[in-house]
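# Chain and residue survey
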Number of protein chains: 2
Amino acid sequence: MGKRVTIADVAAQAGVSKGAVSFALNDRPGLADDTRARILEVADELGWRPSSRARALSTSRALALGLVLARPPELLGADPFFPAFIAGVETVLSQRGQALVLQVVPDLEAEAEGYRRLVSDGRVDGVFLLDLRVHEPRVQLLESLGLPAVTLNKPDSPSSFPAVCSDSESGIRRAVEHLLALGHRRVAHVAGPDEFAHAARRRAGWESALAEACVPPGPVVVCDFSAEGGARATRELLALADPPTAVVYANDVMAIAGLAVAAELGVKVPDELSVVGYDDTLLAAHVHPPLTTVSVDALAWGAQAAQTLLTYLEHHAADDVLLPPATLVVRGSTGPAPTR
Amino acid sequence: MGKRVTIADVAAQAGVSKGAVSFALNDRPGLADDTRARILEVADELGWRPSSRARALSTSRALALGLVLARPPELLGADPFFPAFIAGVETVLSQRGQALVLQVVPDLEAEAEGYRRLVSDGRVDGVFLLDLRVHEPRVQLLESLGLPAVTLNKPDSPSSFPAVCSDSESGIRRAVEHLLALGHRRVAHVAGPDEFAHAARRRAGWESALAEACVPPGPVVVCDFSAEGGARATRELLALADPPTAVVYANDVMAIAGLAVAAELGVKVPDELSVVGYDDTLLAAHVHPPLTTVSVDALAWGAQAAQTLLTYLEHHAADDVLLPPATLVVRGSTGPAPTR
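- By the naming in an unreviewed UniProt entry, chain A goes by DNA-binding LacI/PurR family transcriptional regulator and is assigned to Motilibacter peucedani.

Below, the structure is given as structure tokens:
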């Protein structure tokens, strides 16, 4: 496999914490001599080599963290997660004298180029890795560039970086369980793009909750998280010969567009159709009917990610963090399944 | 008055461009000797003194621009202008090897502290000044810190910085004229907070368009640009003994919340109430009914602001830019005034 030996591997083998391994490998005081010797022995056995990342960690000086977002500008403007996340990051950085360097780029290729530039310019000490992909390629890129990172959720590829995780799957499961309890048996899903890990996880949550209740999964329409996509998907679902009685959307923006399509077509929400969003954006409570949605605390996520990345930069190790589970906020857009 | 003499003053008096003045004062080649001599004479006559700002300009090295936003995090997440603006800024910065340093702070005091920190850390060569206030205090602060800036719109206080302007007043005027042409004579306004210059200008546009048509201004409710505020304002207006037949909102978020309140109260849009927003966010076309709104190109605004700030940093002078006028996008939320 040629898999890189990480500090975590050494820690597991030596039976010590990742922090202790980091201290030993970086020759920092605070460890008993025999512990240090054992760790170095294990590291040697396993073939651990100091990466350029580790070297960068030892000499970090920029006092700035980076965020490179590969999103089409027009979609970025429609996603309320991102500014709330940044605001959360800032609550920590501002107190620590750290700056945030932001880049918005059109695609993954430009994102890779952005990281290379951040490294060559010495602009940042570490970066936030958002919007993880299925078969995530960027973790390896960052490791090879020696650019430390914190990832939002755990990538599906090996990663030596700490992760701050929010369990989106259980949030969606709660939404489906709520619909099942209301008698719905034909529950559709409007999913985000397949290549995004969070989109895949939301879809998996929807599917597994239905499977556990022995209810066959309703139709799925995959779109792009945009209002326009949500509208189109809703039209498609409502035009089916046997349309769903409930739709779980992968974000609020698509769900709000779905409410509008239902209103336009004269489909009453929630009497004839229940609608669930994801994010609990500020607008969710102020559409008609108010949107039942899964509430994610993007602000807390940003603050925790910043905290974790700074810890990682300081101690060369940081534990993964699991945020409190997302909650379901029940409002007027969901109701009992219609009797046919 | 003690008003500072600016490069613009010297340029006007000497009958040359601001660029020529900058070249002369910074002893850069490319000017005829007699022109240079005349400019220096005029500068001397008027009492022009090199500011710390000008000194900073000559030694700018950070190759980064700053944006400090004083907004409560939860409101930031609800404002689609900001990410689109940043994306526009990035289209220019990424091509010029410049980075964007972003700070999100809770209030104006923290914003001032943010600028001081950016200067003392030498992090940025210049900043974007957004959300201008009525009696704008920050221009003077930035000048005293020697931190060059570009302002979004012209501040109401003297400023030596270039401004990139979008005429929001004429956008709102078009919206009001559209409603007047539809026969509306009781047109309300849901305004943004008084202290923001753009909120004041939108309100002024609404008021002057009505005044010119000799229609008395309808009621005004001032709120905070939030969905919740827009909902509350709409309830207040629709509860009046003589409610308006049309409402012009200072942003889309409040207008969308207004549509929901109307739906909840059984007030038909547009048959009984016409609704106009401002921003033309991506969601505007996908609510029910689709929202008539004033379209502002935040992406172009960001790109132009970045271009202007870089020009200013390079040449120590840059002309103000007036963006193409905002357009009115007519959709289903406006219709003929109801007959009573």
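## Describing the pairing of strand β3 (residues 126-129) of chain B
All names here are of chain B.
- Burial along β3 is two-sided: the residues G126 and F128 and V127 and L129 are all buried.
- Summarising the sheet, strand β1 (residues 64-70) and β3 pair through three bridges and their orientation is parallel. Following the sheet pairing, L67 is matched in β3 by F128.
- In the sheet, β3 pairs with strand β4 (residues 149-152) via three bridges, with the strands oriented parallel.

## Here's the deal with the relation of the copies chain A and chain B
- Here chain A sits on chain B after a turn of 180° about the axis and a move of 0.0 Å along it, with an RMSD of 0.2 Å. The superposition of one copy onto the other is thereby described by a two-fold rotation axis. Relative to the rotation axis, the C-alpha of V101 of chain A is the closest in chain A, positioned 2.2 Å from it.
- Looking at the interface residues of chain A, 100% of them are also at the interface in chain B, so both copies use one shared face.

## Some points on the domain arrangement of chain A
Residue and element names in this part refer to chain A.
- As far as domains go, chain A holds domain 1 (7-50), domain 2 (61-166 + 298-322) and domain 3 (168-295).
- For domain 2 versus domain 3, the distance between C-alpha centres works out to 29 Å.
- At the interface, ten residues of domain 2 touch twelve residues of domain 3.
- The tally of links between domain 2 and domain 3 comes to zero salt bridges.
- Seen at the junction of domain 2 and domain 3, the total is four residue pairs in polar contact (both at pLDDT 80 or more).
- Tallied by class, residues from the side of domain 2 that touches domain 3 come to five nonpolar, two polar and three charged.

## With respect to the pattern of salt bridges
- One pass over the full model with this rule turns up 24 salt bridges over all chains.
- Of the charged contacts, one joins E113 of chain A and R116 of chain A as a salt bridge, the two residues approaching to 3.5 Å between their closest N and O atoms. Here the residue E113 of chain A and the residue R116 of chain A both occupy positions in helix α7 (residues 108-120), the gap between them amounting to three residues, near one helical turn.
- The partly exposed category is assigned to E113 of chain A, whose relative accessible area is 41%.
- R116 of chain A sits in the partly exposed class, given a relative accessible area of 38%.
- Note that D320 of chain B is salt-bridged to K154 of chain B, the shortest N-O span being 2.7 Å. Of this pair, D320 of chain B sits in the loop between α13 (298-315) and β11 (321-322) while K154 of chain B is found in the loop between β4 and β5 (163-165), placing the two residues 166 residues apart along the sequence.
- Taking the relative accessible area as the measure of exposure, D320 of chain B reaches 35% and is therefore partly exposed.

## Things to note about the sheet that holds strand β12 (residues 327-329) of chain B
Residue and element names in this part refer to chain B.
- One open sheet accounts for six strands, arranged β7-β6-β8-β9-β10-β12; its pairing is mixed. A single partner strand is all that each edge strand has here, and the edge strands are β7 (220-222) and β12. Here the strands of the sheet are splayed against their neighbours by 20° on average, with no regard to which way each runs.
- Pairing geometry for strand β10 (residues 292-295) and β12, over three bridges, is antiparallel. Paired with S295 across the strands is T327, a residue of β12.
- Packed onto the sheet, helix α12 (residues 252-265) meets β6 (187-191), β8 (246-249), β9 (274-279) and β10 and runs at close to 155° relative to β9.

## Considering the sheet that holds β4 of chain B
- What the twelve strands build is an open sheet, ordered β11(A)-β5(A)-β4(A)-β3(A)-β1(A)-β2(A)-β2(B)-β1(B)-β3(B)-β4(B)-β5(B)-β11(B); its pairing is mixed. Edge positions in the sheet fall to β11 (321-322) of chain A together with β11 of chain B, since each has one partner strand and no second.
- Direction of pairing for β5 of chain B relative to β11 of chain B: parallel, over a ladder of two bridges. Bridge pairing in β11 of chain B places C165 of chain B opposite L322 of chain B.

## Describing the packing of aromatic side chains
- According to the stated counting rule, one finds nine aromatic pairs over all chains in the structure shown.
- Ring centres of F81 of chain A and F85 of chain A lie 5.8 Å apart, and the angle between their planes is 20°; this geometry places the pair in the stacked category. In this pair, F81 of chain A and F85 of chain A are both assigned in helix α6 (residues 81-93), four residues apart and thus about one turn of the helix distant.
- Ring geometry for F85 of chain B and F128 of chain B: centres 6.0 Å apart, planes at 85°, overall edge-to-face. Note that F85 of chain B is positioned in helix α6 (residues 81-93) and F128 of chain B in strand β3, a separation of 43 residues in sequence.
- Using a relative accessible area of 0% as the deciding quantity, one classes F85 of chain B as buried.
- Taken together through their ring pairs, the aromatic side chains of F81, F85, F128 and W301 of chain A make up a single cluster.

Definitions and cut-offs
Residues numbered from 1 in each chain as written. Chains lettered and ligands numbered in written order. Predicted model: local features only at pLDDT ≥ 70, side-chain atom pairs only at ≥ 80, totals over all residues. Heavy atoms only, no water. Buried < 20%, exposed > 50% of the residue type's maximum accessible area, 1.4 Å probe, protein only. Helix = DSSP H or I, 4+ residues; strand = E, 2+ residues; numbered from the N terminus. Pairing = 2+ DSSP bridges. Least-squares fit on C-alpha atoms with pLDDT ≥ 70 in both. Contact = heavy atoms within 4.5 Å. Domains from an automatic or database assignment. Salt bridge = Lys/Arg side-chain N within 4 Å of Asp/Glu carboxyl O. Polar contact = N/O pair within 3.5 Å; in protein donor to acceptor, adjacent residues only side chain to side chain. Nonpolar A, V, L, I, M, F, W, Y, C, P; charged D, E, K, R; others polar. Axes fitted to C-alpha atoms, helices over the stretch in contact; angles between N-to-C directions. Phe/Tyr/Trp six-rings, centres within 6.5 Å; stacked < 30°, edge-to-face > 60°.

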